[in-house]
Amino acid sequence: MQKENKISLKNYNSFGVDVISSNFNIANSEKEIISFIKKNPFSKPIILGGGTNILFKNNIDRNILKIQVKGIELINETEDYVIVSVGAGEVWNDLVNWAINNNYGGLENLSLIPGNVGSAPIQNIGAYGVELKDNFENCRTISIENGSLKIFKHSECKFSYRSSIFKEELKNKYIISYVTFKLSKKNHTINSSYEPLKQAIINNKISNPTIKNISELVCEIRSSKLPDPKLIGNCGSFFKNPIINKIDFKKLCEREKDVPFYKISEKKIKIPAAWLIEKCGYKGIRDGDTGTHDKHALIIVNYGKASGNEIFEFSQKIKNTVLRKFNILLEEEVNIIND
């Protein structure tokens, strides 16, 4: 276990917000996580993964526990698939590249998503027609209350759009230490239904795309639209795409022409939050050292020295404007830390 006092978290969050942690701890194994919990039974630590989906508003006096459990292990294999156990501290895109290099299919559409493996089930990360839940088997967790181990099966995780049981009723109750995936070895299911990906395949004249082709195209699309956090501070999509009912969707279409949408069910419609924000005039604007990216209105950026509070206040201006104009309440995808 590594421990530091009064350390800047600027390099531990992709927004690049410079706040101070009074008690910063790094756990490299399950044993170290359990030991920390038992030594600090009432601390209610902030659990930190890759720091790519978090906004620190202020300096942090609570314990921070950064999970750095590593390892990718094949635990079962048949002619058709492999079962892989992955440490929570592994970088997500490193896992995707490892799978593709071994010709294991299932994660290719999730290429270049920032963050670590342990955070992926919490958020049920998704992109280009695929979500984590599609290849998830289970995750191994540690209770923050008493350090006990528990395995959550797929059916117990209550996955939904950008959410899971770990983000709702069990929020801040468990630490994920390992995630297990089921990946195909042959006859891969190629998911190219998402329109930008489908168009990229056509433009590149690829008749029978492989998982490597899909990964490369996804990386090209993401890189063309999304700013690199290493160059400009951001956490990707700040808000979730709202899901509205069919009646409200009809009213919206009466007001606005060519509303982009994705049909979720017979009664539910998903509207791109970026479209709503852009319609409110917030694409590519700057307010001090924060603002929205010029290529993607859903991405709030830190141009240099914006504080967490400044970024948060700017996000609330967007949220309130969308609510007034469209009567749609945006929900933050980013985890806001107030302490």
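About the cut-offs
- Residues numbered from 1 in each chain as written.
- Predicted model: local features only at pLDDT ≥ 70, side-chain atom pairs only at ≥ 80, totals over all residues.
- Heavy atoms only, no water.
- Helix = DSSP H or I, 4+ residues; strand = E, 2+ residues; numbered from the N terminus.
- Rg over C-alpha atoms; globule rule 2.2 N^0.38 Å.
- Buried < 20%, exposed > 50% of the residue type's maximum accessible area, 1.4 Å probe, protein only.
- Contact = heavy atoms within 4.5 Å.
- Areas by Shrake-Rupley, 256 points an atom, 1.4 Å probe, with all protein chains shown as cover.
- Lys, Arg positive; Asp, Glu negative; His and termini not counted.
- Charge placed at Lys NZ, Arg CZ, Asp CG, Glu CD.
- Core = buried A, V, L, I, M, F, W, Y, C linked by side-chain atoms within 4.5 Å.
- Salt bridge = Lys/Arg side-chain N within 4 Å of Asp/Glu carboxyl O.
- Expected span 1.5 Å × (residues − 1).
- Phe/Tyr/Trp six-rings, centres within 6.5 Å; stacked < 30°, edge-to-face > 60°.
- Lys NZ or Arg CZ within 6 Å of the ring centre and 35° of its normal.
- Pairing = 2+ DSSP bridges.
- Axes fitted to C-alpha atoms, helices over the stretch in contact; angles between N-to-C directions.

*Asks:* Mind showing me how you'd approach the overall build of the protein chain here?
*Replies:* For the protein chain, the count of helices and strands is eight helices and 21 strands. For 339 residues, the compact-globule estimate of 2.2 N^0.38 gives 20 Å, and the protein chain sits close to it at 20 Å. Projecting the C-alpha coordinates of the protein chain onto the three principal axes gives extents of approximately 60 × 55 × 35 Å. Residues counted as buried form 50% of the 339 residues belonging to the protein chain. Counting contacts in the protein chain only where the partners sit at least 6 residues apart, residues at least 24 apart contribute 62% of the total. Taken as a whole, the protein chain presents about 16,800 Å² of accessible surface, with 47% of it coming from carbon and sulfur. Where the 48 positive side-chain charges of the protein chain centre and where its 38 negative ones centre are 3 Å apart.

*Asks:* What should I look at first to understand the nonpolar core in this one?
*Replies:* Taken as a class, soluble globular proteins show a tendency for nonpolar side chains to be buried jointly. Counting 45 residues, the largest nonpolar core has Leu 55, Phe 56, Phe 238, Ile 271 and Ile 277 as the members making the most contacts within it. The set of elements that each furnish at least two residues to this core consists of β3 (20-27), β4 (46-48), β5 (54-56), β6 (60-67), α6 (246-255), α7 (273-279), α8 (308-326) and β21 (335-337). Ranked by residue count, the leading element in this core is α8, at six residues. Beyond its immediate sequence surroundings of up to four residues, Ile 277 is in contact with Phe 239, Tyr 282, Lys 283, Ala 297, Leu 298, Ile 318, Val 322 and Leu 330. Residues Trp 92, Val 117, Val 130 and Leu 217 belong to the second largest nonpolar core, which totals 38 residues.

*Asks:* Quick question: what am I supposed to make of the pattern of salt bridges here?
*Replies:* Side chains that differ in sign of charge can pair as their charged atoms come close. Within the structure shown, the criterion is met by 17 salt bridges. Here Lys 133 ties to Asp 134 by a salt bridge, and the two come within 3.5 Å at their closest N and O atoms. A relative accessible area of 44% places Asp 134 in the partly exposed class. Lys 198 is the partner of Glu 195 in a salt bridge, and the nearest nitrogen-oxygen pair spans 3.8 Å. Of the two residues, Glu 195 and Lys 198 both sit in helix α4 (residues 195-203), three residues apart, roughly one turn of that helix. A relative accessible area of 46% places Glu 195 in the partly exposed class. Owing to a relative accessible area of 37%, Lys 198 belongs among the partly exposed residues under this scheme. Among the charged side chains, a network of salt bridges with common partners joins Glu 131, Lys 133, Asp 134 and Arg 162.

*Asks:* Teacher, can you tell me more about unusual backbone geometry here?
*Replies:* With glycine set apart, most residues show a phi of negative sign, and most peptide bonds adopt trans. Backbone geometry at Tyr 128 places phi at a positive 50 degrees, although glycine is not the residue there. Its location among the elements puts Tyr 128 in the loop between β9 (126-127) and β10 (130-131). The class for Tyr 128 is buried, based on a relative accessible area of 10%. Positive phi outside glycine occurs at Asn 187, with the angle close to 45 degrees. Locating Asn 187 in the fold gives a position in the loop between β13 (174-184) and α4.

*Asks:* What is the right way to look at α8 in this model?
*Replies:* In an α-helix, one turn spans 3.6 residues, which is why side chains three or four residues apart end up on the same side. Across its 19 residues, α8 extends 27 Å between first and last C-alpha, which sits within 8% of the 27 Å expected from 1.5 Å per residue. Those residues of α8 lying buried are Gly 308, Ile 311, Phe 312, Phe 314, Ser 315, Gln 316, Ile 318, Lys 319, Thr 321, Val 322 and Phe 326. A positive phi of about 60 degrees marks Asn 327, the residue just after α8.

*Asks:* Would you mind showing me how to read the packing of aromatic side chains here?
*Replies:* Aromatic ring pairs are described here by two measures, namely the spacing of the ring centres and the angle between the planes. All told, the structure shown has 13 aromatic pairs when counted by the stated rule. A ring pair is formed by Phe 152 and Tyr 174, whose centres lie 5.1 Å apart and whose planes are at 80 degrees; its orientation type is edge-to-face. With Phe 152 in strand β12 (residues 149-153) and Tyr 174 in strand β13, the pair connects residues that are 22 residues apart, well separated along the chain. Exposure remark for Phe 152: the relative accessible area of 3% places this residue in the buried category. Through successive ring pairs, a cluster of aromatic residues spans Phe 15, Phe 238 and Phe 239. Seen from the ring of Phe 152, Lys 150 lies directly overhead, with NZ or CZ sitting 4.9 Å from the centre. Above the plane of the ring of Tyr 81 lies Lys 182, whose end atom (NZ or CZ) is 4.2 Å from the centre.

*Asks:* Hey, could you run me through the sheet that holds strand β19 (residues 290-292) in this one?
*Replies:* Two orientations exist for strands paired in a sheet by backbone hydrogen bonds: parallel and antiparallel. Strand order in the open sheet made by the four strands is β14-β20-β19-β18, with antiparallel pairing throughout. Of all the strands in the sheet, the pair left with one neighbour each is β14 (233-237) and β18 (286-287). Strand direction decides the pairing type here: β14 and strand β20 (residues 299-302), joined by three bridges, are antiparallel. Pairing of Asn 234 across the sheet is with Val 301, part of β20. The strands touched by α8 are β18, β19 and β20; relative to β19, the strand with the most contacts, the crossing angle is about 35 degrees.

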